[in-house]
Amino acid sequence: MYNIDMESGAIPRYGYRHPRAARVGLISITVAVIMMLAFIQVPASGSTAGLKGKLVVLIVDRVGVADFPTTDTPFCLSLARRRSFGMMVTHTAERENGKEPDLGADYVTLGAGARARGALGAPLSFNSSERPAGYGGTRTAGELFRGFTGGSAPRDGVVCLGYTQVARNNEGAGTGENVGLMGRLLREGGFEAAALGNCDSLQKVVRLAPLVCCDESGVVPLGDVSDNTAVLAPGSPGGYRTRYARLLAESRRLLAASDLLVVDTGETGRIDRESGNMDPGLLARERAAALRRVDRFAREMTSMLDLDSSLLLVVTPGAPMEAREEGNYLTPFIAAGRGFGRGLLTSRSARRPGLVNNVDFLPTVLGHFDLAVPSGVVGSEMKTTNGPADQVGYLEDLNAQFGVTRKARWPIVVTYLSLVLLTICLAALCLPAASRRLGWPRDLGRAARATGVAAVVLLAGPLSFLVVSAFRYGGYTFPVVFCAAFTLVVGLGAWLLQRGRPRMDPVVALCLLTAAVIVADLSFGGRLVMMPLLGVSALEGMRFYGLTNTLAGLLLATSLWGISGLWGGGALERGAARWLLLLALLGLSFVVGFGALGANVGGFIAALATSLTFFVATSKRGFTLWRTAGVALATAAGTGVMILLDSVLAHTHAGKLVSGGGGGFISLVQRKLVIQFGQISFFLLPALVLMAAVVAMALWLRRPDSFWRKRWEEEKLQTATLFSMVVGSLVALVFNDTGVAMLGVMTLVTVLAMIYYLLREGGRATRRTRPDVPVSTL
């Protein structure tokens, strides 16, 4: 291997030598061989060549899959091709809008094993012996740390002065016990952690690497995050440049004394933090040059390790700013060493070949050191699965597809929703009372018929947004043409083929088809729900807690409307059909909340509450006070059972089998409840308003002369389904962080279904009262 100059990146040039030098060369080679033999027989003290059992975390922050690895970084590209490569979802517990403040939440999450929050003081880490300038240089960071926390500071280690603030911010999110978890578990297991490097600029101190491996008090036993590894460079972004020669020397020293070393290369993160003040062309050039230096450093770092027993993880904790602004939080992740062969990275939390979550990082580190994963850890250990021949190209194409999906989804979905709104307005005009007042439309039967057909066609729209995910496209044209053609063909086909059939009407056919496609797709890996056009985010399909809330609402609404229409009549009020219905509803709730992609607690609560409401509403006795209380209690009990199954079987919320005993499980449930009630508080006001509206509507419907009271008697199944959708959508709003999306899609399906049924029944009533109107016009 060439001995590379780490400052200049120059590789010595080897050319022709004059014959007179042959004798000198021969002597030199002989001496070199003797020294190598002596080195093998008596290893030099402190040598780190071929170190065994180590784990190095090489942080290359704020780069995307399109930036790294590429042909400009040949060594890392070779690692990604020959070893394990994947894309990491870097969501945290912070509110993410593309312009979120730099609070270090991405680094904290890596060491917490759960999506965590950061703090303004998170970057303030120092060597214990450093004297922070903000305090006049009179006290060391170790002394300040003792004054702030009362704890002791390691002489050769690092202290996180902002740790207390980070821990406090996570207590409210239910992840307070996770902060500093990696360092604590390594210490208790007898392993030593070290942190190295920083992203400092002339404007501020940015030292986040210690947050990955610090313990519960904010201490890293060994490390160097001072300016020793950087040099002033006025022409460089941020005014500093990483001294890779120094960084390499410090890495050798710390690796000899530690088991886990977190090295922050610094430059790429520093450049991205200055990107707002840089020309895009200059930004690209600076980033590419920094990555070339990182690549040479990665080669030297890898040469220190015996990859048969050690492990190298190349990690990007946070996405670059331009990607965040577009909603892309995917970053590259390379694993090379023990336990990782050639292929795509995956985990039991992401359940997607090539995709992992940042919460999977901690279980992976613990797995390398054969340490147990606590029940409070959300992620799961990363593994290698078979991938395509060009696994790097596959993930680059997948990342590019996410970008296209993000840009195409809003124009398509907004156009679709505008058509839905127009259909609703036309349906309102087709009601007899409105038509008589306005004198329009003149041909009421024809207008009602056309509007009903439009509602059926639009009902096929959500299915088209799913099916288009089976294709790869590079612009707007294909998804627009495909979704429009699919919606027209399937919607009109359902209306033509099922017209005149009392039970399998067009709405029932489309709802059952949509539900069947979703269930079948989930059974074979969820490829269609990976990049749906329908939802609040293009990354919804990569959430680690199962089916997205939007698609869970779509599955629930289409299934319930399909079941109610397919069953028909009064068959659901008695006999074996009632028990069969109950089993079907419970199975539906299980698929929504605990499908092949893992558990979705909020989705399960909404599905179970909706299903039980429908079951009671279709009975002969209907709702009573005790039955209403029974629905609430059964929903709560079912949720507890689902969480238990998830924790024991799927590990979606508990990285591995709950190993903490009863206390560990109780702690897990408590944390889940804190998260759920935290979500409730965010939507509490709109939920209370909507609940008050529902109660008022229910009281209004109970009037003897109410239109809806008559519908309960004549169209019980339809009305029961409508009532269940109203109740279920409100529950979804309360118990889901994206409950608005779930409420919206349930309302969408319900409104389109009711338009078709009301206009169809209105047409029948018109034919009964107006015999002079030809049937063909209705």
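Every chain's residues receive numbers from 1 upward, in the order its sequence appears when written. The model is predicted, so local features are restricted to residues of pLDDT at least 70 and side-chain atom pairs to those at 80 or more, both for listing and for counting; the totals for chains, interfaces and linings are taken over all residues. Computation of side-chain values: all heavy atoms of the structure, hydrogens and water removed.

Colleague: What is the right way to read the sheet that holds strand β4 (residues 158-160) from this model?
Modeller: As a general point, the strands of a sheet are linked pairwise by backbone hydrogen bonds and lie either parallel or antiparallel. Should DSSP find at least two bridges between two strands, the strands are regarded as paired. Each helix is a run of H or I in the DSSP string that is no shorter than four residues. Each strand is a run of E no shorter than two, and both are numbered from the N terminus. Strand order in the open sheet made by the three strands is β3-β4-β6, with antiparallel pairing throughout. The sheet is open, and its two borders are formed by β3 (125-127) and β6 (219-220), each paired with just one other strand. Note that β3 and β4 share three bridges and pair antiparallel. Bridge pairing in β4 links F126 to V159. Sheet contacts for helix α4 (residues 141-149): β3, β4 and β6; angle to β4, the most-contacted strand, approximately 40°. Any pair of residues with heavy atoms lying within 4.5 Å of one another is described as a contacting pair. Lines fitted to the C-alpha atoms define the axes, with helices restricted to the stretch that makes contact. Angles between their N-to-C directions range from 0 to 180 degrees.

Colleague: Help me understand a nonpolar patch on the surface in this model?
Modeller: Only residues whose relative accessible area exceeds 30% and that form no salt bridge are eligible for patches; like-charged ones are grouped when within 9 Å, while nonpolar side chains (Val, Leu, Ile, Met, Phe, Trp, Tyr) are grouped when within 5 Å. Residue-level accessible areas treat just the shown protein chains as cover; the underlying method is Shrake-Rupley with a 1.4 Å probe. A pairing counts as a salt bridge when a side-chain nitrogen of Lys or Arg comes within 4 Å of a carboxyl oxygen of Asp or Glu. Together, L419, L422, L426, L438 and W440 make up an exposed nonpolar region whose accessible area comes to about 490 Å². Per element, the largest residue contribution to the nonpolar patch is three residues, and it comes from helix α13 (residues 391-429). Classification of W440 as partly exposed rests on a relative accessible area of 45%. When a residue's accessible area, from a 1.4 Å probe over protein chains only, is under 20% of the maximum for its type it is buried; when over 50% it is exposed; and in between it is partly exposed.

Colleague: Help me out: how do you make sense of the nonpolar core in this one?
Modeller: For soluble globular proteins, the rule of thumb is that nonpolar side chains tend to be buried together. The nonpolar core is taken to be a set of buried Ala, Val, Leu, Ile, Met, Phe, Trp, Tyr and Cys residues, with the residues joined through side-chain atoms within 4.5 Å. L554, W561 and L752 are the most contacted members of the largest nonpolar core, which has 88 residues in total. With near-sequence residues (within four places) excluded, W561 lies in contact with V508, C511, Q718, T721, L722, M725, V749, T750, A753, M754 and Y757. Counting residues in hydrophobic clusters, the runner-up holds 52 residues, among them A119, V179, L211 and V225.

Colleague: Sorry if this is basic, but what is going on with helix α17 (residues 477-498) here?
Modeller: In an α-helix there are 3.6 residues to a turn, and that puts residues three or four apart on one side. In this model, α17 (22 residues) spans 31 Å end to end at C-alpha, consistent with the 32 Å of a helix rising 1.5 Å per residue. Among the residues making up α17, those that are buried are P479, F482, C483, F486, T487, V490, G491, A494, W495 and Q498. Looking down the long axis of α17, one finds its buried residues gathered within 160° of arc, a one-sided arrangement. For α17, exposure combined with an orientation more than 90 degrees from the buried face picks out T477, V481, V489 and L496. The span you would expect from a helix comes to 1.5 Å times its residue count less one. Directions from the helix axis toward the C-beta atoms define the arc.

Colleague: Would you explain helix α3 (residues 105-112) in this entry?
Modeller: Burial within α3 is extensive, with eight of its eight residues counted as buried. Burial in α3 covers these residues: A105, D106, Y107, V108, T109, L110, G111 and A112. Residue G113 follows α3 closely and has a positive phi angle near 75°.

Colleague: Would you mind showing me how to read the packing of aromatic side chains here?
Modeller: Centre distance and the angle of the planes are the two values used to describe a pair of aromatic rings. Classification of ring pairs uses Phe, Tyr and Trp, with its six-membered ring standing for Trp, and accepts pairs whose centres are within 6.5 Å; under 30 degrees between planes counts as stacked, over 60 as edge-to-face, and the remaining range as tilted. Under the counting rule described, the total for this entry stands at 10 aromatic pairs. With a centroid separation of 4.7 Å and an interplanar angle of 40°, the aromatic rings of F191 and F369 are classed as tilted. Here F369 lies in the loop between α12 (361-368) and β15 (383-385) and F191 lies in the loop between α6 (181-188) and β5 (193-196), a separation of 178 residues in the sequence. By relative accessible area, F191 is classed as partly exposed at 25%. Plain terms: the ring middles of F471 and F478 are 5.6 Å apart, the flat faces sit at 65° to each other, and that makes the pair edge-to-face. Take F471: its relative accessible area is 36%, and that puts it in the partly exposed class. By way of ring pairs, the aromatic residues F471, Y473, F478, F482 and F486 are connected into one cluster.

Colleague: Mind showing me how you'd approach the confidence of the model for the chain here?
Modeller: For every residue, the predictor assigns a confidence score, pLDDT, that lies between 0 and 100. Mean pLDDT over the chain: 81, with 78% of residues reaching 70 or higher. Long-range and interchain partners of residues 1-27, a stretch whose pLDDT sits below 50, account for 26 contacts in this model, where long-range means more than four residues apart. Under a pLDDT of 50 for its full length, residues 29-48 has, in the predicted model, six contacts with residues more than four places off or in other chains.

Colleague: Would you take a moment to explain the packing of α13 against helix α15 (residues 444-459) for this structure?
Modeller: To characterise two packed helices, one gives the angle between the axes of the helices and the distance between these axes. The geometry of α13 relative to α15 is characterised by a closest axis approach of 10 Å and an angle of 155° between their N-to-C directions. Between α13 and α15, the crossing angle belongs to the class labelled roughly antiparallel. At the point where α13 passes α15, the crossing takes the left-handed sense. On α15, the residues that touch Y416, L419, V420, T423, L426 and A427 of α13 are T451, A454, A455 and L458. Charged means Asp, Glu, Lys or Arg here, nonpolar means Ala, Val, Leu, Ile, Met, Phe, Trp, Tyr, Cys or Pro, and polar covers whatever is left, Gly included. Class assignment for the residues of the contact of α13 with α15 results in eight nonpolar, two polar and no charged. If an angle is under 35 degrees, it is roughly parallel; if it is over 145, roughly antiparallel; if it lies from 65 to 115, roughly perpendicular; otherwise it is oblique. Each helix crossing is assigned a hand: it is left-handed if the near helix lies turned anticlockwise from the far helix by less than a right angle, otherwise right-handed if that turn is clockwise.

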